[in-house]
Amino acid sequence: MEREIETRMPAQRYVDILTEAGFKAVFGVEKNKDILIGLLNVVLPAGRRVSDLAYSTTEVPGFTLSNKSVRLDLRCTGEDGTRFIVEMQCYRQLNFFRRCVEYAAKVYDAGAARGDGSGYGIQPVYFVALLNTGVPKFDRSDAGIWRDRFVSEYTFREKISHEVVDETIFLNFVELNRFDKSLDDCVDLADKWFYSLKHMGSMDGLPEGLRVEVFERLFEACEIAKFTPDEKLEYEHDMMTERDYTNILNTYRAEGLAEGEAKGLTEGKTEVARAMKAKGLGMALISELTGLPEDDIRKL
């Protein structure tokens, strides 16, 4: 009898950081803050360096007009009081840039409330978004500007002179969706970070070109086999939720849009929101993705 050859997909060794579950498992735990510091120091503007961080609660109370809180992916504070918001953006959202502005402005305003009142001793806020998708309204058609530039920065500048009077609110976007270099083509530390982040989930070991301490730590933190039982359980639960969520979005694109056209766009969104709610997704996230008010979602 001919021996039957069994073919199986190889087990994934490292988490996929370009998922919300993978990002949370690696950067959302304080024991890996040295890795987060290393990442921030390659994407922040020159002159702004982080030496230490304290993790803060990801929930910001009284955030919306209806006094509802919002949960950020990751929020931390530097030694000098500078606040950092770090997010992994996996899915294309129509008003994503506006949401980033609002989140950063609210955290900045919270700093004013704790500051010295009329003295305006408010520490700056840096919003850092890792993008696995394009952002609507971003124009990257000018190859002369954007060919090898994958980090964009937005802040308050004088229109003609580009003068920045003071550090207030900065939005930094790491556009991994546009990064297409091979490891051999990576010319600096930032390139190697972006390569690692983009390909981590498909690699089976640390490449020779990344054998330096910072990447040894990154790969160690991403290795699923080295998770504690509780960390692994939480990661697997988050991945299942995220896969369900992705399936809902794909189903909505394939069927929901046509159904929405037949029944009316609002009714189509309601069906999607109902399915997301049944899968246990948070009210704020469902509202953000469908555009429906949280109060309406609660009634479903």
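To be clear, the structure that these remarks concern was listed above.
Residues numbered from 1 in each chain as written. Predicted model: local features only at pLDDT ≥ 70, side-chain atom pairs only at ≥ 80, totals over all residues. Heavy atoms only, no water.

## Notes on the sheet that holds strand 1 (residues 53–55)
Whenever strands of a sheet pair, they do so through backbone hydrogen bonds, lying parallel or antiparallel.
Working step 1: The strand order 1-4-5-6-8-7 describes an open sheet built from 6 strands, whose pairing is mixed. Each end of this open sheet is capped by a strand with a single partner; those strands are strand 1 and strand 7 (151–154). For this sheet, the mean angle separating the axes of adjacent strands, direction not counted, is 25°.
Working step 2: In this sheet, strand 8 (residues 169–175) lies alongside strand 7 in antiparallel orientation, the contact comprising 4 bridges. Residue pairing for strand 8: Tyr 154 is matched across the bridge by Leu 171.
Working step 3: Relative to the sheet, helix 1 (residues 20–27) contacts strand 1, strand 4 (74–78), strand 5 (83–89) and strand 6 (125–131), its axis offset from that of strand 5 by approximately 145°.
Working step 4: On the sheet, helix 2 (residues 33–43) packs against strand 1, strand 4, strand 5, strand 6, strand 7 and strand 8 and is oriented at approximately 120° with respect to strand 1. (Pairing = 2+ DSSP bridges. Helix = DSSP H or I, 4+ residues; strand = E, 2+ residues; numbered from the N terminus. Axes fitted to C-alpha atoms, helices over the stretch in contact; angles between N-to-C directions. Contact = heavy atoms within 4.5 Å.)

## Section: the pairing of strand 8
Working step 1: With 7 of its 7 residues buried, strand 8 lies for the most part within the structure.
Working step 2: Taking every second residue as pointing to the same face, both faces of strand 8 are buried, with Ile 169, Leu 171, Phe 173 and Glu 175 on one and Phe 170, Asn 172 and Val 174 on the other.
Working step 3: The sheet contact formed by strand 6 and strand 8 spans 7 bridges and is parallel. Residue pairing for strand 8: Phe 127 is matched across the bridge by Leu 171. (Buried < 20%, exposed > 50% of the residue type's maximum accessible area, 1.4 Å probe, protein only.)

None of the figures reported here should be taken as evidence of function without further support.
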